[in-house]
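# Coordinates in review
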Amino acid sequence: MSELTLLLLRIGFLVLLWAFVFAVIYSLRADLFGVKVRKMPEVAPAGAPAPAAAARTGGATAAVAPSPAAVPSGPKGGPATAASVSRIVITSGPKAGIELPLGNEPLTIGRSSESALVIRDDYTSSHHARLVLWGDQWMIQDLDSTNGTWHDGARVTAPAPVTIGAPIKVGATTFELRK
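Everything quoted here is computed from the prediction, not taken from an experiment.

Within the protein, the regular secondary structure consists of two helices and 11 strands. Across the 179 residues that make up the protein, the buried fraction comes to 34%. Within the protein, counting contacts between residues at least 6 apart in sequence, those at least 24 apart form 45% of the total. Counting only carbon and sulfur atoms, one obtains 62% of the accessible surface of the protein, whose full area is about 11,100 Å².

So, in structure tokens, the structure goes:
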């Protein structure tokens, strides 16, 4: 082999080695510090444009909170409003039977010890999902989890309104909101 071929092979091997090192460092950083959690947009009063949406659309009005007609009320019950829901009940999985009271604060669900509801199984991400009170409606938001979050049999891809008694599946655990 020529000198040039050996030099190019050495440089290529060195680049490949450094790419591997950076991939390992990135993976360790994500495991140690977690992933970035996206914030949900703020709720604007009815009829008023959201500040961020108005800035993006040049002042055009955009509805931020779902209208009552857009909120599904499934066969199990009506929409999960702050006044109608007081607890979250785990119906299946490793912690089946546990009930947690719901306040007005967001509830993060995941494998991380920083989560309000810690679920330790191989199918749950560190920061998997979040239940948040958005206006007067409880919403479920998937936090870019690997296996997804499911609400009433449908995968959650955007913040979705929660129906009382509808199953929410995170990893191998199923829970629901109750009165």
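A word on the pairing of strand E3 (residues 107-110). Direction of pairing for E3 relative to strand E5 (residues 129-134): antiparallel, over a ladder of three bridges. Note on E5: the bridge partner recorded for Leu107 is Leu131. Bridge count between E3 and strand E4 (residues 117-118): two bridges; the pairing is parallel. Note on E4: the bridge partner recorded for Ile109 is Leu117.

In space, the six strands of this open sheet follow the order E2-E1-E11-E10-E7-E8, with antiparallel pairing throughout. Bordering the open sheet on either side are strand E2 (99-101) and strand E8 (154-155), each of which pairs with just one other strand. Examined bridge by bridge, strand E10 (residues 168-170) and strand E11 (residues 173-178) share three bridges and lie antiparallel to one another. Opposite Val170, over in E11, you have Thr173 as the bridge partner.

On to unusual backbone geometry, then. Unusually for a residue other than glycine, Asp144 sits at a positive phi of about 55°. Looking at where Asp144 falls in the secondary structure, it is placed in the loop between strand E6 (137-142) and strand E7 (149-151). Asp144 gets classed as exposed once you look at its relative accessible area, which sits at 59%. In the Ramachandran plot, Asp152 falls in the positive-phi region, its phi being about 55° despite a non-glycine side chain. Within the secondary structure, Asp152 is located in the loop between E7 and E8.

Here the focus is the confidence of the model for the protein. Across the protein, the average pLDDT comes to 77, with 72% of residues at or above 70. Within the protein, the lowest mean pLDDT, 42, falls on helix H2 (residues 51-57), and the highest, 92, falls on helix H1 (residues 3-33). Low pLDDT, under 50, characterises residues 50-75; the stretch is placed with 27 contacts to residues that sit more than four places away or in other chains.

Next up on the list: the environment of Arg155. Locating Arg155 in the fold gives a position in strand E8. Judged by its relative accessible area of 41%, Arg155 falls in the partly exposed class. Each C-alpha atom of the pair Arg155 and Ile168 lies 9.7 Å from the other, and the pair is 13 residues apart in sequence.

Each value, and the rule that gives it
Residues numbered from 1 in each chain as written. Predicted model: local features only at pLDDT ≥ 70, side-chain atom pairs only at ≥ 80, totals over all residues. Heavy atoms only, no water. Helix = DSSP H or I, 4+ residues; strand = E, 2+ residues; numbered from the N terminus. Buried < 20%, exposed > 50% of the residue type's maximum accessible area, 1.4 Å probe, protein only. Contact = heavy atoms within 4.5 Å. Areas by Shrake-Rupley, 256 points an atom, 1.4 Å probe, with all protein chains shown as cover. Pairing = 2+ DSSP bridges. pLDDT = per-residue confidence, 0-100.

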